[in-house]
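Residue-level structural notes
For reference, the chains in residue letters:
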There are 2 protein chains.
Amino acid sequence: MRTVSVVGIGSGNPEHLTVQAINELKAADVVFMLDKGEERESLTGLRTQICERYVSGACRIVTASDARRDRDPTHRTGQYAAAVEDWRARRAEIYARLLTDELAEDGRGVFLAWGDPALYDSTLHVLGEVRARGTVGFDLHVIPGISSVQALAARHQISLTRTGRPLHITTGRRLAAEGFPAHSDDVVVMLDARAAFRVADANDEIYWGAYVGTPDEILISGRVADVADRIAAEREAARQRHGWIMDTYLLRRPGDTADGAR
Amino acid sequence: MRTVSVVGIGSGNPEHLTVQAINELKAADVVFMLDKGEERESLTGLRTQICERYVSGACRIVTASDARRDRDPTHRTGQYAAAVEDWRARRAEIYARLLTDELAEDGRGVFLAWGDPALYDSTLHVLGEVRARGTVGFDLHVIPGISSVQALAARHQISLTRTGRPLHITTGRRLAAEGFPAHSDDVVVMLDARAAFRVADANDEIYWGAYVGTPDEILISGRVADVADRIAAEREAARQRHGWIMDTYLLRRPGDTADGAR
């Protein structure tokens with residue numbers, strides 16, 4: 001039986017790898033790297049660096065071109081999800097081919113997942129589709145990793161949660177469409193390509209970060225009224241400088257931390 | 001200047017420590033362990049085991065009695081939060097004393113945090129209070145860790161999020177009081193002492209785990225209608241067997257993953 005591991009590698013700091021993740025890499029016969037096209041060289045380089053640092057040269061890396069994704073920004077939410085589903089089906093074909101062609105029947109293969117495989121990552125979903133097709137069987141291991149949200153909180157030295165209160169995690173697309181959620185005063189926003197933080201009130205606090213954990217890290221925090229323009233400008237400048245951007249943020253509605261009114 | 005690090009150590013599997021966390025432990029002059037009274041020997045043992053495994057005997061551990069906490073289960077939410085605030089103030093005194101008495105002025109001290117310091121952990125808040133008092137200054141480092149939620153998802157081999165959809169993280173207390181949130185179909189519940197998952201619909205799915213990542217791990221998943229009684233029974237039996245329980249779960253309302261109707 002083949003063994004396939006999905007290994008969370010964190011969001012940019014190679015020292016965020018866990019002992020469990022390193023052991024899984026060391027035990028692997030093959031590490032699969034899917035080149036998404038949208039990923040820039042710096043990200044590919046980071047993955048290679050992680051393999052070389054922790055597996056000391058014995059790491060066999062197989063790179064494949066991932067399915068290209070329809071990223072039309074005018075999609076409404078439903079269309080967006082349908083485009084993602086189609087993209088995943090094409091990925092399932094690619095993943096299945098990698099497993100049959102590049103992995104011996106008793107081999108161990110690793111897929112690297114940015115951040116944590118459980119948070120806005122599709123690797124597990126794609127492997128579920130591969131399994132459902134029935135053409136190649138495998139044992140599955142899932143290794144959690146430090147997500148960009150956690151790295152963000154650590155660098156800002158804040159807790160994401162307040163005593164006994166909820167935390168909402170959502171996407172920039174939803175925040176832009178739905179506004180600040182009525183049911184939570186602490187909102188983490190991921191995958192925001194449109195500076196959706198402008199929906200927040202002037203007095204809300206924002207803790208923003210880009211390329212968190214890497215040498216290119218940028219951190220900005222403060223009242224939305226005070227820092228929104230600066231974040232938007234830094235974000236655009238960084239995107240042009242690097243050719244891509246990876247950022248996330250916490251929006252926090254101020255208020256008594258002992259609040260139990262909701 | 002003293003350096004104080006808050007290091008996330010995961011929720012039970014010593015291999016969930018990151019390279020960054022291990023390096024921080026190795027650089028420490030003192031590792032502080034706060035005995036909460038409510039914590040059982042197995043947890044204290046796990047922390048000691050982590051120090052010995054990764055710091056190979058050179059680890060100076062200072063144990064102190066933490067402030068006792070008012071855990072009256074009849075508290076309403078507001079009273080609960082007030083009790084936590086009072087508890088934190090008393091903890092701030094204890095932490096300040098540890099820093100001044102046990103750490104040289106250029107020393108490096110580490111506080112271990114279960115899971116991730118950013119998720120329902122009060123260490124950062126308490127150290128903020130220590131700093132605000134102004135009696136002892138320090139540089140602060142925060143090292144993220146694998147939370148019990150991530151360990152849970154990894155062991156169930158699931159993603160916590162669905163494509164483009166939000167994730168809500170809340171407490172058992174709130175879930176019991178407010179019911180299943182209307183605004184999110186994926187809800188992580190922490191700190192649930194009352195089997196609040198019974199508020200879910202019969203068709204909702206639950207992914208439950210206790211002592212996740214430890215040799216005592218228990219995992220149960222299925223339709224709430226099918227497994228709620230079994231979870232309640234296993235939970236109670238385990239609590240009696242171990243003297244304490246640490247569990248968490250995801251509630252998932254079924255539905256088209258391409259849903260964009262909300």
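Refer to the structure printed above.
The following paragraphs examine the structure supplied in this document. Quantities reported herein were computed from a predicted structural model and do not represent experimental measurements.

**A closer look at the pairing of strand β7 (residues 186–190) of chain B**
All names here are of chain B. Counting buried positions along β7 gives 5 out of 5 residues, so the element sits mostly inside the fold. Burial of β7 is two-sided: the residues D186, V188 and M190 facing one way and the residues V187 and V189 facing the other way are all buried. Pairing between strand β6 (residues 167–171) and β7: 4 bridges, direction parallel. Residue pairing across strands places H168 opposite V187, the latter belonging to β7. Handedness of the β6-helix α6 (residues 172–178)-β7 crossover: right-handed. Sheet analysis places β7 next to strand β10 (residues 247–252), joined by 4 bridges and oriented antiparallel. Within the sheet, the bridge partner assigned to V188 lies in β10 and is L250.

**Points about the relation of the copies chain A and chain B**
Relating one copy of the chain to the other requires a rotation about an axis plus a shift along that axis. Superposition record for chain A on chain B: RMSD 0.0 Å, screw rotation 180°, translation along axis 0.0 Å. In short, the pair behaves as if placed about a two-fold rotation axis. Judged by C-alpha distance, A:T18 is the residue of chain A that lies nearest the rotation axis, at 1.9 Å. In this assembly, 100% of the residues forming the interface of chain A have copies in chain B that are likewise at the interface, indicating an isologous arrangement.

**Quick notes on the sheet that holds strand β1 (residues 2–8) of chain B**
All names here are of chain B. What the 5 strands build is an open sheet, ordered β3-β2-β4-β1-β5; its pairing is parallel. Because the sheet does not close on itself, it has two edges, and the strands there are β3 (61–65) and β5 (138–143). Each strand of the sheet is rotated relative to its neighbour by a mean of 25°, with strand direction disregarded. Running over the sheet, helix α3 (residues 77–102) touches β1, β2 (30–35), β3, β4 (108–113) and β5 and is turned about 150° from β2. Sheet strands touched by helix α4 (residues 123–133): β1, β4 and β5. Its angle to β5, the strand with the most contacts, is close to 170°.

**Looking at the environment of B:R174**
Counting through the fold element by element, B:R174 comes out in helix α6. Residue classification places B:R174 among the buried positions, given a relative accessible area of 4%. Each C-alpha atom of the pair B:R174 and B:G45 lies 32 Å from the other, and the pair is 129 residues apart in sequence. Among the polar contacts listed, one links the side chain of B:R174 to the backbone oxygen of A:G164, at a separation of 2.7 Å.

Scoring rules and cut-offs
- Residues numbered from 1 in each chain as written.
- Chains lettered and ligands numbered in written order.
- Predicted model: local features only at pLDDT ≥ 70, side-chain atom pairs only at ≥ 80, totals over all residues.
- Heavy atoms only, no water.
- Buried < 20%, exposed > 50% of the residue type's maximum accessible area, 1.4 Å probe, protein only.
- Helix = DSSP H or I, 4+ residues; strand = E, 2+ residues; numbered from the N terminus.
- Pairing = 2+ DSSP bridges.
- Right-handed = clockwise from strand over helix to strand, strands pointing away.
- Least-squares fit on C-alpha atoms with pLDDT ≥ 70 in both.
- Contact = heavy atoms within 4.5 Å.
- Axes fitted to C-alpha atoms, helices over the stretch in contact; angles between N-to-C directions.
- Polar contact = N/O pair within 3.5 Å; in protein donor to acceptor, adjacent residues only side chain to side chain.

The values reported here are purely geometric and, on their own, carry no functional implication.
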